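# Chains, contacts and geometry: an overview
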Amino acid sequence: MGDSEKNFSYLDMLASTGYARHIGGKAATDILIEKAKINPDMKVLDVGCGIGKTSCRLAGDHGCAVTGIDIMPAMVEKSSALAKKLRLDGKAKFLQGDARELPFEDNSFDAVFVESVTIFVEDVAKAISEYRRVVKPGGIVCDNEVCITRASNEKLKDDIKDLEEIFNAFSSKTSQGYMTYEDWKETFKKHFPTVEASHYVADPQVELEAKKADGMGTFLISTLKTMWLYATNPEAKRIIDTTQKMYKYVGHFGYGLFVCRK
Ligand SMILES: C[S@@+](CC[C@H](N)C(=O)[O-])C[C@H]1O[C@@H](n2cnc3c(N)ncnc32)[C@H](O)[C@@H]1O
C-alpha cells in the first residue's frame with residue numbers, strides 16, 4: 001500500500017465519492033431550523049457545509065443569506081455548483097476554511113449550523129469557541145454530532161475496543177477520544193449559558209431513505225464510486241468494513257442535537 005493510500009481517511013472518502021451527509025438526514029436539520037427560528041432576515045454560517053445541502057435549503061426555503069465553509073476544496077466546489085444550479089448563488093456563498101480558525105469577525109452571524117463536523121476536529125474546544133465567537137450575542141449555534149449515550153457505553157463496555165475502532169474509522173479525532181452524548185452536552189455547556197440537548201437513536205432504514213432522498217442519481221453515482229474505492233483502495237476497504245460494524249449496535253448509535261444560545 002502506498003503512502004497516499006495509508007493516509008487515506010473517511011473524509012478523503014467523502015471527497016472522492018463527492019458525497020457528504022449527516023446522520024438523521026433532513027428530519028434532524030428540520031428540528032434545528034425550527035429551534036433556531038430561522039427567518040429570511042438572518043445571516044447564517046454553515047460550518048463543514050459538505051456538498052451544500054443544508055446551506056441551499058436555508059437560502060432557498062428560508063430566504064436567509066448563507067455562508068458555507070468547508071476544509072476540503074472539493075466540497076466547496078460541489079456546494080457552489082449546487083447553489084448555482086438552484087439559482088441561489090446570490091444568497092449562498094462558499095469558501096474554504098477551517099472550523100478551528102473561522103475567517104470571520106466576532107459577532108458576524110445570527111445562527112451557526114454545524115452538522116456532523118466537530119467530531120472530525122481534534123481540538124473540539126477550539127472549534128466550539130470559534131462558533132461562539134462568530135455568532136452574535138443572543139444568536140444560536142446548532143450542532144448535530146454522531147454519538148452514543150453514556151448508558152449505551154456502559155451496556156456495551158465489553159465492546160469498547162470495537163466502538164473505538166468504529167469512531168476512529170469515521171476519522172473521529174477529538175483529543176478526548178470518542179465522546180458520548182453527555183460529554184458533548186457538558187462541553188457545549190462550558191461555552192454557552194444556555195444549551196438545549198436531545199439524543200436520537202438512528203434507524204438504518206431511515207438513513208438509507210435519507211440517502212435516496214438526495215436523488216437517485218446522486219445515490220447511484222456515490223454508491224458506484226464507493227464500490228470502486230472498496231475494490232481498488234485497501235485503506236478505503238478497511239474504513240468501509242469498520243464503519244459498517246456500526247450496524248451491530250443498532251439501538252445505540254445515534255446523534256445528539258445541541259442548540260446553544262450565546
Ligand atoms: C460528514 S460531512 C457533513 C457535511 C454537511 N455538514 C452535511 O451535513 O451534509 C463532514 C464535513 O465536515 C468537513 N470538515 C471536517 N473537518 C473540518 C474542519 N476542521 N473545518 C471545516 N470543515 C471540516 C468535511 O470536509 C465534510 O465536508
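Residues numbered from 1 in each chain as written. Predicted model: local features only at pLDDT ≥ 70, side-chain atom pairs only at ≥ 80, totals over all residues.

The next point concerns unusual backbone geometry. The phi torsion at Arg-87 lies on the positive side, around 55°, for a residue other than glycine. Within the secondary structure, Arg-87 sits in the loop between helix 5 (73–85) and strand 3 (92–96). A tally of 9 C-beta atoms within 10 Å means that Arg-87 is categorised as exposed. Within the chain, Asn-107 stands out as a residue other than glycine whose phi angle is a positive 55°. A residue is classified by how many C-beta atoms lie within 10 Å of it, and Asn-107, with 14 of them, is partly exposed. (Helix = DSSP H or I, 4+ residues; strand = E, 2+ residues; numbered from the N terminus. Buried ≥ 20, exposed ≤ 12 C-beta atoms within 10 Å, placed from the backbone.)

What follows deals with the UniProt feature "domain: Methyltransferase type" (unreviewed entry) in the chain. Under the feature "domain: Methyltransferase type" (unreviewed entry), the UniProt entry names residues 45–141. Annotation note: span residues 45–141, helix share 35%, strand share 29%, distance between end C-alpha atoms 9 Å. (UniProt positions renumbered as here; feature names shortened; annotations may be inferred.)

Time to look at the site of the ligand. In the vicinity of the ligand, 23 residues are found, and the nearest of them are His-22, Gly-48, Gly-50, Ala-99 and Glu-115. Elements with a minimum of two residues in the shell around the ligand: helix 2 (10–17) and helix 4 (53–62). Its residues placed into classes, the shell around the ligand shows 12 nonpolar, 5 polar and 6 charged. (Near = placed C-beta within 6 Å. Nonpolar A, V, L, I, M, F, W, Y, C, P; charged D, E, K, R; others polar.)

Turning our attention to the environment of Tyr-178. Within the secondary structure, Tyr-178 is located in the loop between helix 8 (160–169) and helix 9 (181–191). In this structure, the C-alpha to C-alpha distance between Tyr-178 and Glu-235, residues 57 residues apart in sequence, is 21 Å. With sequence-adjacent residues up to four places away left out, Tyr-178 is seen in contact with Leu-163, Glu-164, Phe-167 and Ser-172. (Contact = placed C-beta atoms within 7 Å.)

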